[in-house]
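Residue-level listing of the chains:
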Amino acid sequence: MYVIYGSSEAEPIAVRAFTEEKDPRCGYAVGAIHPWLEWKLANTQRLMNGEEAGELLVRGPHVVLPLGKEWFETGDIGYVKEGALFLTARKGNGTVIGGKQHYQVEHYLQHMEGIRKVAALAHENAFAIMFEGDRKVNEVHKALDEVMDSTYIKDIKKVDHLPVDRRHRSKIMYHQLKQ
């Protein structure tokens, strides 16, 4: 099995074997960027791990570019380390808080048994976290204490349902979350 990362306008962007396990605190590991693509990171910010994360821009023979544009803006924020692309945030929710971005927090918590979905909303200086699952709020808080300073957690709420997109039924609809 493989993880194939891309969008309708540019797929594949990156591919990795599903068995290649990466540290979930780094963000979503989506694999090596396809060799025939040109890529760059725009508007970079330094993360706690020292990496510079920015919005991924790509172009290549299979990329559909918007009229008048030289690069396709993916809307995904990440960094490349040791040949692998790690996604750390989505544009519009990409504030760096305590050296981390929201996908890094979400991906870490999704590796906890009993957690189905997680949304971490970046505020000025802290994350508001909502999750679906069987875990208790204090257990989630304790897990986060192992990877980040609790002053960067504004709130943690257990919810029955996190809104997701109709097409994939997996992408969190952050704009619909009630804080």
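Residues numbered from 1 in each chain as written. Predicted model: local features only at pLDDT ≥ 70, side-chain atom pairs only at ≥ 80, totals over all residues. Heavy atoms only, no water.

(A) Spotlight on the overall build of the chain. A count of helical and extended segments in the chain gives two helices and 10 strands. Starting at the N terminus, the α and β elements of the chain follow one another as β-β-β-β-β-β-β-α-β-β-α-β. Radius of gyration (C-alpha) of the chain: 16 Å, near the 16 Å computed for a compact globule of 179 residues. By its C-alpha atoms, the chain is 50 × 35 × 35 Å across when sized along the principal axes. Of all 179 residues assigned to the chain, the portion counted as buried reaches 46%. Considering only intrachain contacts with a sequence separation of at least 6, the fraction spanning at least 24 residues in the chain is 49%. A total accessible area of about 10,200 Å² is found for the chain, and carbon and sulfur atoms account for 48% of it. Across the chain, the mean location of the 24 positive side-chain charges is 4 Å away from that of the 25 negative side-chain charges. (Helix = DSSP H or I, 4+ residues; strand = E, 2+ residues; numbered from the N terminus. Rg over C-alpha atoms; globule rule 2.2 N^0.38 Å. Buried < 20%, exposed > 50% of the residue type's maximum accessible area, 1.4 Å probe, protein only. Contact = heavy atoms within 4.5 Å. Areas by Shrake-Rupley, 256 points an atom, 1.4 Å probe, with all protein chains shown as cover. Lys, Arg positive; Asp, Glu negative; His and termini not counted. Charge placed at Lys NZ, Arg CZ, Asp CG, Glu CD.)

(B) Examining the confidence of the model for the chain more closely. Averaged over all residues, the pLDDT of the chain is 91; the fraction at 70 or higher stands at 99%. Per-element confidence in the chain ranges from a low mean pLDDT of 89 for strand β1 (residues 2–7) to a high of 97 for strand β5 (residues 52–59). (pLDDT = per-residue confidence, 0-100.)

(C) Focus on the packing of aromatic side chains. Applying the stated criterion across every chain yields a total of two aromatic pairs. With a centroid separation of 5.2 Å and 75° between ring planes, the pair formed by Y28 and Y103 is classed as edge-to-face. On the criterion of sequence distance, the pair formed by Y28 in strand β3 (residues 28–33) and Y103 in helix α1 (residues 102–110) is long-range, its members being 75 residues apart. Classification of Y28 by relative accessible area gives partly exposed; the value is 23%. According to the relative accessible area criterion, Y103 is buried, its value standing at 13%. On the basis of an interplanar angle of 15° and a centroid distance of 5.3 Å, the ring pair of Y79 and F86 is categorised as stacked. Of the two residues, Y79 and F86, neither departs from the other in class, the shared state being buried. Note that R59 overlies the ring of W71, its terminal NZ or CZ placed 4.0 Å from the centroid. (Phe/Tyr/Trp six-rings, centres within 6.5 Å; stacked < 30°, edge-to-face > 60°. Lys NZ or Arg CZ within 6 Å of the ring centre and 35° of its normal.)

(D) Broad picture of the pairing of strand β8 (residues 115–122). The element β8 is extensively covered by neighbouring structure, given that six of its eight residues are classed as buried. The sheet contact formed by β8 and strand β9 (residues 127–133) spans seven bridges and is antiparallel. Directly across from A120, in β9, lies its bridge partner I129. Counted between consecutive antiparallel strands, the loop separating β8 from β9 contains four residues. (Pairing = 2+ DSSP bridges.)

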